[in-house]
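Examination of the molecular architecture
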Amino acid sequence: MKKIILGLMVCSIVLSSFAFSEDFLGAPVPKGKVSLQTDSRLEMTTPLTHDEIVKYYKEALKEHKDIKFRNWKDSTYIEDDGRLKWHSITITKNETPTSVIIAKDNWTWIIGTLVLRYIAVFIVLMVLLLGMSLSGKIISYLVQKADKAKQKTAT
């Protein structure tokens, strides 16, 4: 009976620690001070270094296959290209304390990216059309010039 009670106490402590683990939109949140939290954005500072935070996120997100880590000059940008509720985590470099920003995936970003790609396809097609038209005119001019030269030498 004592073992059962002890086992239940250990289980309750372990399970409660999982219940109180911090996350925002499913993204893990390191220990720190939250400066702004809305439904779509979390901004916080943490005393941990940039490298410690990146290591924390690499470990916490290792099971997700659609996560990309982008190392920029002034920050590290973690992006989810999958179906998670959050879109990006930005970790600043060379700041004390380190700033962490978690942003929610939103339709504005999704539609904006699709519209930009749609427009870009037509711009590429227009540039190709102009290039082909220009090269066609140049080639036609050179062929006509060569024909005139042949006619002059033939007569």
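Further up the page is the structure itself.
A short tour of the structure in this document, coming up.

**Description of the environment of Ile 89**
- The residue Ile 89 is located in strand 7 (residues 86–92) in this model.
- Note on Ile 89: relative accessible area 0%, which makes it buried.
- Between the C-alpha atom of Ile 89 and that of Glu 43, which follows or precedes it by 46 residues, the distance is 9.8 Å.
- When neighbours within four sequence positions are excluded, Ile 89 is seen to be in contact with Ala 27, Tyr 57, Leu 61, Thr 76, Tyr 77, Ile 78, Val 100, Ile 101 and Ile 102.

**Concerning the sheet that holds strand 6 (residues 75–80)**
- An order of 3-4-8-7-6-5 is seen for the six strands of this open sheet, with the pairing classed as antiparallel. Taken across any chain shown, the strands that pair with only one partner, and hence form the sheet edges, are strand 3 (33–37) and strand 5 (67–71). Adjacent strand axes in the sheet meet at a mean angle of 15° when their direction is disregarded.
- With four bridges joining them, strand 3 and strand 4 (residues 41–46) adopt antiparallel strand pairing.

**Examining the side chain of Ser 99**
- Of note, Ser 99 is situated in strand 8 (residues 98–104).
- A relative accessible area of 15% means that Ser 99 is categorised as buried.
- For Ser 99, the residues in contact, after removing those within four places along its chain, are Met 44, Thr 45, Thr 90, Ile 91 and Thr 92.

**Considering the pairing of strand 3**
- Taking burial as the measure, the five residues of strand 3 include zero buried ones, a minor fraction of the element.
- Once strand 3 ends, the chain turns through three residues before running back antiparallel as strand 4.

**Quick look at the pattern of salt bridges**
- Counting across every chain of the model gives four salt bridges.
- Put simply, Lys 62 and Glu 59 hold a salt bridge, and the shortest N to O gap is 2.8 Å.
- Under the relative-accessibility criterion, Lys 62 is labelled exposed at 57%.
- A salt bridge links Arg 70 to Glu 79; the shortest N-O distance between them is 2.8 Å.
- The class of Arg 70 is partly exposed, set by a relative accessible area of 32%.

**Concerning the side chain of Thr 90**
- As for its position among the elements, Thr 90 is in strand 7.
- Judged by relative accessible area, Thr 90 falls into the buried class, the value being 19%.
- Excluding residues within four positions of it along the chain, Thr 90 makes contact with Ser 75, Thr 76, Tyr 77, Ser 99, Val 100 and Ile 101.

Calculation criteria
- Residues numbered from 1 in each chain as written.
- Predicted model: local features only at pLDDT ≥ 70, side-chain atom pairs only at ≥ 80, totals over all residues.
- Heavy atoms only, no water.
- Helix = DSSP H or I, 4+ residues; strand = E, 2+ residues; numbered from the N terminus.
- Buried < 20%, exposed > 50% of the residue type's maximum accessible area, 1.4 Å probe, protein only.
- Contact = heavy atoms within 4.5 Å.
- Pairing = 2+ DSSP bridges.
- Axes fitted to C-alpha atoms, helices over the stretch in contact; angles between N-to-C directions.
- Salt bridge = Lys/Arg side-chain N within 4 Å of Asp/Glu carboxyl O.

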